[in-house]
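If you want the building blocks of each chain, they are given just below.
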Amino acid sequence: RGQVFLRNRAWYVRFYRDEIEDGKAVTRRVCERLARYCDEFRSKQDVLPLVDEILYPINSGAAQPESSLTLTEFVTKRFFPARERKLRPSTITGYREMWHNHVEVRIGDIRLRDFRTVDGQHFLDALGERKPPLSHQTIMHVKTLLSAVFNFARQEDVLRNVVNPMQGTKAEGREYEPDRAAYTLEDIHGMLGKLEEPARTIIALAAFTGLRKSEIRGLRWEDYTGDELRVQRSVWRTHVGAPKTKESGANPVPVISVLRQALNQHRLSNPGEGYIFAGDRRGAPLNLDNLSRRVLSPALNGGWKGWHGFRRGLGTNLYGLDVPAKVIQEILRHADVSTTEKHYIIDRKST
């Protein structure tokens, strides 16, 4: 039950607790303040409920030694190394950037076992009150990251019999309608008339297939039959991996005649095997971010709105031709038609 004592008109409890030091479990003597001496807390009996609340994790076995790690120690030494083996490189990189930019400097020194729902809520509120405040979507991403961290701590038995403290928190932040670019057919024809190779063929492929940027980079000549493309891999930075989802690689992507002609012509000047759009003599995939910055943006004189605009544009243009949303879902290879309807079919009348 610990040792309860009164000092300087305040109640304290002294007890022993296991912690991690230099990677090893050690037992430490700890002293924590309970309450100020007052009419409500005049005797030891009055503060025993407060003592029970502090000592419950220890007496119940919920307080594992590793729960003494700070959030920063646990996230950097346990969470990120474990997640790197299961998450896509782009996802884990986004998590790392979010952690360093928004979380670590504010709450990284709180110990896992001391983190409460109120800490999570106050932290999310502070993000929404920043100058400038973070968007609601960004704060939701931060909440998702912290929730994943505490779920992992529970799965690894670092926290026992403890509810995820991010459960019940609410993300605020400023609401805004994201700028969802979607190229029209006129935009695409205008681009094709201004660009030279290989940029023209790359734009045609993005516009008429709806492939993601990473999927375009990952295309190899053996994936092209003349009538269709097989999405076998994606390339993000220097990482070569599987397509984003199972649906992304499940079905072949049809190649319309104008794109077929462009790809066949491109093949004449790029014989052999390897990536369809190689960036150097070694045959590495072309860096499409460099292409957009050095070629596309200057050539299109303000008309460049990013790679994902082709994917949204294809969905929107097909819908404008009365193609059913379910068919558009299959063409864009989404797992759920609601994703297609919500994010890839833009109402141009309202914009």
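What you are looking at is a predicted structure, and each value in this text was computed from that prediction instead of being measured.

1. Some thoughts on the overall build of the protein chain
Helix and strand counts for the protein chain come out as 14 helices and seven strands. Taking 2.2 N^0.38 as the reference for a compact globule, 351 residues should give roughly 20 Å; the C-alpha atoms of the protein chain span a radius of gyration of 28 Å, well beyond that estimate. Seen along its three principal axes, the alpha-carbon backbone of the protein chain occupies a region of about 90 × 45 × 35 Å. By the burial criterion, 42% of the 351 residues in the protein chain qualify as buried. For the protein chain, the proportion of contacts with a sequence separation of at least 24, taken over those separated by at least 6, is 61%. Here the protein chain displays about 19,900 Å² of accessible surface, and carbon together with sulfur accounts for 47% of that area. The averaged location of the 44 negative side-chain charges in the protein chain is 3 Å from the averaged location of its 56 positive side-chain charges.

2. A few points about the sheet that holds strand S2 (residues 10-21)
If you trace the three strands from one edge of the open sheet to the other, you get S1-S2-S3, paired in antiparallel fashion. Two strands close off the open sheet at either side, each with one partner strand: strand S1 (3-7) and strand S3 (24-36). Going from strand to strand, the sheet's axes swing by 35° on average, the running direction of each strand aside. Sheet topology note: the S1/S2 ladder contains five bridges and is antiparallel. Following the sheet pairing, Arg-7 is matched in S2 by Ala-10. Here helix H1 (residues 44-59) sits on the sheet in contact with S1, S2 and S3, set at roughly 10° to S2.

3. Structural notes on the side chain of Ser-248
In this structure, Ser-248 sits in helix H9 (residues 246-250). Judged by relative accessible area, Ser-248 falls into the buried class, the value being 0%. Once residues within four sequence positions are removed from consideration, Ser-248 is found in contact with Arg-212, Glu-215, Val-231, Pro-243 and Arg-333.

4. Observations concerning helix H11 (residues 288-300)
Over its 13 residues, H11 runs only 15 Å from end to end, short of the ideal 18 Å by more than 12%, given 1.5 Å per residue. Along H11, the residues classified as buried are Leu-288, Leu-291, Ser-292, Leu-296 and Leu-300. Measuring from the backbone nitrogen of Asp-289 back to the side-chain oxygen at the start of H11 gives 3.0 Å, which picks out Asn-287 as the cap. Two residues or fewer after H11 comes Asn-301, characterised by a positive phi angle close to 50°.

Parameters at a glance
Residues numbered from 1 in each chain as written. Predicted model: local features only at pLDDT ≥ 70, side-chain atom pairs only at ≥ 80, totals over all residues. Heavy atoms only, no water. Helix = DSSP H or I, 4+ residues; strand = E, 2+ residues; numbered from the N terminus. Rg over C-alpha atoms; globule rule 2.2 N^0.38 Å. Buried < 20%, exposed > 50% of the residue type's maximum accessible area, 1.4 Å probe, protein only. Contact = heavy atoms within 4.5 Å. Areas by Shrake-Rupley, 256 points an atom, 1.4 Å probe, with all protein chains shown as cover. Lys, Arg positive; Asp, Glu negative; His and termini not counted. Charge placed at Lys NZ, Arg CZ, Asp CG, Glu CD. Pairing = 2+ DSSP bridges. Axes fitted to C-alpha atoms, helices over the stretch in contact; angles between N-to-C directions. Expected span 1.5 Å × (residues − 1). Polar contact = N/O pair within 3.5 Å; in protein donor to acceptor, adjacent residues only side chain to side chain.

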